[in-house]
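# Commentary on secondary and tertiary structure
Take a look at the letters that make up each chain.
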Amino acid sequence: MNRTIAGRQCSGCVVRLALEGLTTAIVLLNRHHRILLVNQAAQELLGIGPHDLGKPIHRVPVDPSLRTAWSEACATPEPVTTLVHITQPADRMLRIAIGHCRTPTGKSLGWVLSACDVTNDRRISVTLTTELAVELLRYLHGRGKIPPQEPLTPAEWRVLHLLGEGLPNDDIARQLGVSPNTLRTHLKSLYRKLGFSNRTALVAFAARLKEGPPRGPVPHPFR
């Protein structure tokens, strides 16, 4: 489709004006995967701009992770929602939704791709989870106030979660896609940050985290 025509189709309509005001990135495509419309948020989050109107999306220089999510969504008739980590045009975590646009009779008109920046939400989630871990550690140790703890990294938190499931090191490394040496580095950091001296105590703590805040007296982990 000619990009000039694509631009004129929605140039002054109320729908376009409404889409431009959204903080959610919106990209509309026809059934041949050519871009019909992008709003301002899509330009900022995805790097897709007015100069890309009329182009097939696979020829637009978008982040490889976004391209992969698009390819996977096109392979299913159902709407797809997923988290995608992109580094272009900026390092962000996006919640992506991709689905068909259809007529009331089910005929395909095209596609809609929407994206929300959840980078800060994910960061807050990790921070709050780490704070919960510190509070539970304080409770388990029965020491009242303890020195401020270093925040756990997302990778360390994933290791702690898998430890709580009772997985051995080999399985944890395989699920995380890291080497045994890298996993040992994460474990050493967890021992230091959370104040444990052995794996048994760390695993017991991780298991309690999965169960939620304890009820009633809890034995000291080192006894």
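Let me begin by describing the structure that accompanies this report.

What counts as what
Residues numbered from 1 in each chain as written. Predicted model: local features only at pLDDT ≥ 70, side-chain atom pairs only at ≥ 80, totals over all residues. Heavy atoms only, no water. Core = buried A, V, L, I, M, F, W, Y, C linked by side-chain atoms within 4.5 Å. Buried < 20%, exposed > 50% of the residue type's maximum accessible area, 1.4 Å probe, protein only. Helix = DSSP H or I, 4+ residues; strand = E, 2+ residues; numbered from the N terminus. Pairing = 2+ DSSP bridges. Phe/Tyr/Trp six-rings, centres within 6.5 Å; stacked < 30°, edge-to-face > 60°. Expected span 1.5 Å × (residues − 1). Arc of directions from axis to C-beta. Salt bridge = Lys/Arg side-chain N within 4 Å of Asp/Glu carboxyl O. Axes fitted to C-alpha atoms, helices over the stretch in contact; angles between N-to-C directions. Contact = heavy atoms within 4.5 Å.

### Here we look at the nonpolar core
Within soluble globular proteins, side chains that are nonpolar tend to cluster in buried spots. Ranked by size, the top nonpolar core spans 26 residues in total, and within it Val27, Ile35, Leu46, Ile48, Ile96 and Leu113 carry the most contacts. Those elements that place two or more of their residues in this core are β1 (25–30), β2 (35–38), α3 (40–46), α4 (64–74), β3 (80–86), β4 (92–102) and β5 (108–117). Residues Leu162, Leu167, Leu183 and Leu187 belong to the second largest nonpolar core, which totals 18 residues.

### Section: the pairing of β5
Look at any regular strand and the pattern is simple: side chains alternate between the two faces of the sheet. In this sheet, β5 lies alongside β1 in antiparallel orientation, the contact comprising six bridges. By the bridge assignment, asparagine 30 is partnered in β5 with glycine 110. Where β4 lies against β5, nine bridges are found, and the strand directions are antiparallel. Bridged to glycine 99 within β5 is valine 112. From the end of β4 to the start of β5, which pair antiparallel, there are five residues, and glycine 106 there has a positive phi angle of about 95°.

### Observations concerning the packing of aromatic side chains
Going through the model one piece at a time under the given rule, you end up with two aromatic pairs. On the basis of an interplanar angle of 40° and a centroid distance of 5.3 Å, the ring pair of phenylalanine 196 and phenylalanine 205 is categorised as tilted. Just as phenylalanine 196 is buried, phenylalanine 205 falls in that class too.

### Points about helix α8 (residues 180–194)
Here α8 contains 15 residues, and its C-alpha end-to-end distance of 21 Å stays within 8% of the 21 Å for a straight helix at 1.5 Å per residue. Within the sequence span of α8, burial applies to Leu183, His186, Leu187, Ser189, Leu190, Lys193 and Leu194. Along the axis of α8, the buried positions cluster into a sector of 160°, meaning they face one direction only. Exposed and oriented more than 90 degrees from the buried face of α8 are Asn181, Thr185 and Lys188.

### A look at the pairing of β3
Across seven bridges, the pairing between β3 and β4 is antiparallel. Paired with valine 84 across the two strands is leucine 94, which belongs to β4. Counting the residues that bridge the hairpin from β3 to β4 gives five residues.

### So, the pattern of salt bridges
Per the stated rule, a full pass over the model turns up four salt bridges. Here arginine 92 ties to aspartate 117 by a salt bridge, and the two come within 3.4 Å at their closest N and O atoms. Of this pair, arginine 92 sits in strand β4 while aspartate 117 sits in strand β5, placing them 25 residues apart in sequence. On the basis of relative accessibility, which here comes to 18%, the residue arginine 92 falls in the buried class. With a relative accessible area of 37%, aspartate 117 lands in the partly exposed category. The partner of lysine 193 in a salt bridge is glutamate 156, with the nearest N and O atoms 2.9 Å apart. Pair noted here: lysine 193 is in helix α8 and glutamate 156 is in helix α6 (residues 154–164), with a separation of 37 residues, a long-range link. Take lysine 193 and glutamate 156: they sit in the same class, and that class is buried.

### Considering the sheet that holds β2
Strand order in the open sheet made by the five strands is β2-β1-β5-β4-β3, with antiparallel pairing throughout. The sheet terminates laterally at β2 and β3, the two strands that pair on one side only. Recorded for the sheet is a direction-independent mean angle of 20° between the axes of neighbouring strands. Packed on one face of the sheet, α4 meets β1, β3, β4 and β5 and runs near 165° to β3.

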